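Overview (structure and organization)
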Amino acid sequence: LWLSLGMMSSAIVQLLKVPEGVQSVTHLGYPEYLLTILGTWKILGVFTILAPKLPIIKEWAYAGFFFVASGALISHVVMRDPFGEIFPALLLLALTVASWHFRPEHRRAAVI
């Protein structure tokens, strides 16, 4: 639930192109249109994570969340941003890993 809340709130900020979010993404060297792409995929990922069943698609959603959060974390570290700007990405990364690791058995993809 915490992961979904964090991803949904950041997706809304990205889709609304809140000035602080635009400034953050351009500061990292990314184009502004990336906010629309990330926001859309995050919302779809949240719906997937919360939906019953769909175990294979859930794995892809978790992978996407991991790539987004780790990419944001690395981008902020490379830019030598202060910890206050790094922390949200670190928190979302930790929530992604914890949510994936502790998901119920019925929400896991069958291993062949």
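Residues numbered from 1 in each chain as written. Predicted model: local features only at pLDDT ≥ 70, side-chain atom pairs only at ≥ 80, totals over all residues. Heavy atoms only, no water.

One finds Leu3, Met7, Ile49, Phe65 and Leu73 to be the most contacted residues of the largest nonpolar core, which totals 13 residues. When residues of this core are traced back to their parent elements, those giving at least two are helix H1 (2–16), helix H3 (34–50), helix H4 (55–78) and helix H5 (83–101). With near-sequence residues (within four places) excluded, Ile49 lies in contact with Ser4, Lys58, Ala61, Tyr62, Phe65 and Arg107. (Core = buried A, V, L, I, M, F, W, Y, C linked by side-chain atoms within 4.5 Å. Buried < 20%, exposed > 50% of the residue type's maximum accessible area, 1.4 Å probe, protein only. Helix = DSSP H or I, 4+ residues; strand = E, 2+ residues; numbered from the N terminus. Contact = heavy atoms within 4.5 Å.)

Over its 24 residues, H4 extends 34 Å from the first C-alpha to the last, a length consistent with the 34 Å expected when each residue adds 1.5 Å. Of all the residues in H4, the buried ones are Lys58, Ala61, Tyr62, Phe65, Ala69, Ser70, Leu73, Ser75 and His76. Buried residues along H4 sit against H1, helix H2 (19–27), H3 and H5. Just past H4, the residue Arg80 takes up positive phi, approximately 55°. (Expected span 1.5 Å × (residues − 1).)

Despite not being glycine, Lys53 has its phi angle at roughly 65°, a positive value. With respect to the element layout, Lys53 can be found in the loop between H3 and H4. Phi at Leu54 is positive, roughly 55°, even though this residue is not glycine. Inspection of the secondary structure puts Leu54 in the loop between H3 and H4. Taking relative accessible area as the criterion, Leu54 reaches 38% and is therefore assigned partly exposed.

All right, on to the pattern of salt bridges then. Taken as a whole and judged by the stated rule, the model has 1 salt bridge. In this structure, the salt-bridge partner of Arg103 is Glu59, at a minimum N-O distance of 2.9 Å. A residue pair is termed long-range when its members are at least 10 positions apart, and Arg103 in the segment after H5 and Glu59 in helix H4 qualify at 44 residues. Among the residues examined, Glu59 registers a relative accessible area of 24% and is labelled partly exposed. (Salt bridge = Lys/Arg side-chain N within 4 Å of Asp/Glu carboxyl O.)

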